[in-house]
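Each chain, letter by letter, is given below.
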Amino acid sequence: MIHERMKGPATRKYRTLGTPENVLVLNAIKALPTRNFTQASFEGAEKVSGEYLNERYIKKIIGCATCGMRCDHIGVVSEGPYKGSTARVEFECLWAVGPNCGVDRLDAIIEAIYQCDHYGMDGISTGVIVSFAMDCYENGILTKKETDGLDLHFGNAEALVELTKRIGSRKGWLGDVLAEGTMRAAEKIGKGAVKYANHIKGLELPGYELRTLKTAALGFAVSFRGACHLRSGAYSPDVKGKVDRLKIEKGRGKLVMDGEDLYNVIDSLILCKFSRGVYYDTYEDMAKYYTLATGIEMTPKELVQAGERINNLARVLNIREGKGTREYDQLPPKIMEVPVPDEGFAKGAHVNQKEFDVGLDDYYEVRGWTKEGVPTEEKLRELDLQDLVPVVKKRMARMREKGGK
Amino acid sequence: MASMHERKFVSGDPAKCVGCCVCEYICSMEHEKTFNPTKSRIRAVRLNPFVNIAIACRLCEDAPCVAACPRDALEQSEESGLILIDEEKCNGCGWCIEACDYGAIQLHPETKVVFVCDLCDGEPKCVEWCPEEALDFTTKDILAQKARVAVVKKLFQEALKATV
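Cut-offs and rules
Residues numbered from 1 in each chain as written. Chains lettered and ligands numbered in written order. Predicted model: local features only at pLDDT ≥ 70, side-chain atom pairs only at ≥ 80, totals over all residues. Heavy atoms only, no water. Helix = DSSP H or I, 4+ residues; strand = E, 2+ residues; numbered from the N terminus. Rg over C-alpha atoms; globule rule 2.2 N^0.38 Å. Buried < 20%, exposed > 50% of the residue type's maximum accessible area, 1.4 Å probe, protein only. Contact = heavy atoms within 4.5 Å. Areas by Shrake-Rupley, 256 points an atom, 1.4 Å probe, with all protein chains shown as cover. Lys, Arg positive; Asp, Glu negative; His and termini not counted. Charge placed at Lys NZ, Arg CZ, Asp CG, Glu CD. Phe/Tyr/Trp six-rings, centres within 6.5 Å; stacked < 30°, edge-to-face > 60°. Buried area = accessible area lost by both parts, 1.4 Å probe. Salt bridge = Lys/Arg side-chain N within 4 Å of Asp/Glu carboxyl O. Polar contact = N/O pair within 3.5 Å; in protein donor to acceptor, adjacent residues only side chain to side chain. Pairing = 2+ DSSP bridges. Axes fitted to C-alpha atoms, helices over the stretch in contact; angles between N-to-C directions.

Draft legend 1. Up close: the overall build of chain A. Tallying secondary structure elements over chain A gives 19 helices and five strands in all. Taking 22 Å as the expected radius of gyration for a compact globule of 405 residues, we find that chain A reaches 22 Å, a close match to that expectation. Referenced to the eigenvectors of the C-alpha coordinate spread, the extents of chain A come out at roughly 60 × 60 × 40 Å. Taking all 405 residues of chain A together, 57% fall into the buried category. Relative to all contacts within chain A whose residues are 6 or more apart in sequence, the contacts with residues 24 or more apart total 64%. Total accessible area on chain A is roughly 17,000 Å²; 54% of this is exposed by carbon and sulfur atoms. Charge separation in chain A, taken as the distance between the mean sites of 60 positive and 58 negative side-chain charges, equals 1 Å.

Structural data, given as structure tokens:
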């Protein structure tokens, strides 16, 4: 049954053009972050689009064991300086090292992804780190002295590949600093580099323009792992046009929460997120297959609650480590302060503090948390997490003490 | 007696196979009621993302596995060409495994006797389930004809290009 659905319309996108299809989709709605979240659309999008990629670079589409979907687009560079480079190409990595760095050369993009694979680095993080360095270079914070002669202007494909290698091997001062990630690198570089560091809770932003996808902005800000598109599916109602994506209003908290809880359940069931569409009745289907696979009775309601429990558990973990409260649910300066410069309907869009606060309050309220973003005792008891009540109390008491001094 | 020309067997097309192993899972499900590739009579091999193929028994003429068995536990059906295994006689010595050029006959992880493709009574489940249609239940003659058609198409395309 699932096998048949895997070959059906729910996975069409992943089987045909693959996730790089998003390049032109997001570009058209001005939601494709370009040059380290400076512009919201990329003039070279055509040359890094899924269509262009599949026509010229994808040699074979393979699949994981037992899967009927087959989404694995293997790209090969057949000529030029990066000849022979082979990598699986997905939208996020393609975006991170491509439009995000102003690069419109797919051969260099595939080579950069290949280098990320080679060194075992996350393609999204690496791409955003490189674009952060490029932004610093453009704004005079980094000079040729620090980059060891590397010309880090946006769009320099050779520099992108070279810097990726340097980060992977921690070569030179810059490679060593950037290998720490944007959050720590920005602190080490200093000189106001923090302004160009696009991360939430230390995790680099994925390829969704948060200034024009504001439900996603809220979702990524409150996510317990930071800006992770696999942790919060809040970009989906924005992109699909179910809500007005240019503002945050009451009701978005519930959208974000439902998305998070569903993703928690999907991850805990070890389901592939590409396959999420084949569970037509989401929780009903998942509960049914859970029972079939394990023999343990499961109801959709219990699954929903499990998702909520996971999120609260993770939140408490963050609180215990001192990083779980409202002041950590923040967006990077570029999203809050720099308006979209692109001409058109999105011009001037950015997330302002007022609407962001409305969103946070709304989200905490539907979650049953305090205004500080801390799960209440009742909520924890309701979710059978009463063991964690002392953990939260202890930490909050310590924080109040600190604040009092 | 069916001749070599008429014997149908499961053949994998490396141009289409992506190494997803659905055939392995459905095979073990059909024969052993479990999803366990080590109990599958067809095995997919992935050398790299571009080189994949699934391999099952090819019903050789004068099958070397049968000749290699020192205990006369293997026999080839004259009618269908299938390798028939006497599980009482087989002691898992593995001479047949060494003799097979394709690795199509294997030692069962639990029963410790060898097992091999039986074509699911003439309707191989792996062929039915392959998502890439990379498996064919076919004869050697049909394969040859398909190869000829493919190569002529290719030549024709090149000829077309050359004339334009």
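The rest of the description comes next.
Draft legend 2. Geometry of the overall build of chain B. Check the secondary structure of chain B and you find five helices and eight strands. Moving toward the C terminus, one meets the helices and strands of chain B in the order β-α-β-β-α-β-β-α-β-β-α-β-α. Referenced to the eigenvectors of the C-alpha coordinate spread, the extents of chain B come out at roughly 65 × 35 × 25 Å. Going through the 164 residues of chain B one by one, you find that 38% of them count as buried. Considering only contacts in chain B between residues 6 or more positions apart, those separated by 24 or more positions represent 56%. Counting 19 positive and 26 negative side-chain charges, chain B places the centres of these two groups 7 Å from one another.

Draft legend 3. Summary view of the packing of aromatic side chains. Residues and elements named next belong to chain A. Counted according to the given criterion, the structure contains nine aromatic pairs over all chains. Where F37 meets W95, the ring centres are 5.8 Å apart and the plane angle is 80 degrees; that geometry is what we call edge-to-face. Within this pair, whereas F37 is found in the loop between helix 3 (22–28) and helix 4 (50–56), its partner W95 is found in helix 5 (residues 91–97), the two being separated by 58 residues in sequence. For F37, a relative accessible area of 0% corresponds to the buried category. Among the residues examined, W95 registers a relative accessible area of 0% and is labelled buried. Chaining the aromatic ring pairs together yields one cluster made of F91, Y208 and Y235.

Draft legend 4. Representation of the interface of chain A and chain B in the model. Every contact between the two is made by 17 residues of chain A and, on the other side, 15 residues of chain B. When chain A packs against chain B, close to 1,200 Å² is buried across both sides, 65% of that on carbon and sulfur atoms. Counting the surface chain A buries against chain B, the share from its top three residues, K60, T66 and R70 of chain A, is 42%. The tally of links from chain A across to chain B stands at one salt bridge. In this structure, E132 of chain B and R70 of chain A form a salt bridge, with 2.2 Å as the shortest nitrogen-oxygen distance.

Draft legend 5. The side chain of E209 of chain A, seen in detail. Residues and elements named next belong to chain A. In this structure, E209 sits in the loop between strand 5 (203–204) and helix 11 (214–222). Among the residues examined, E209 registers a relative accessible area of 0% and is labelled buried. A distance of 3.0 Å separates polar atoms of two side chains, one belonging to E209 and the other to R211. Those residues in contact with E209, other than ones at most four positions away along the chain, are K30, A31, L32, P33, F37, Q39, A40 and I335.

Draft legend 6. Summary view of the sheet that holds strand 2 (residues 72–76) of chain A. Residues and elements named next belong to chain A. The strand order 1-2-3 describes an open sheet built from three strands, whose pairing is antiparallel. Single-partner strands in this sheet number two, and they are strand 1 (58–62) and strand 3 (86–88). Adjacent strand axes in the sheet meet at a mean angle of 25 degrees, parallel and antiparallel pairs treated alike. As defined by bridge partners, strand 1 adjoins strand 2 across four bridges and the pair is classed as antiparallel. Note on strand 2: the bridge partner recorded for K60 is I74. Of the strands in this sheet, strand 2 and strand 3 are in contact with helix 6 (residues 106–119), which crosses strand 3 at around 80 degrees.

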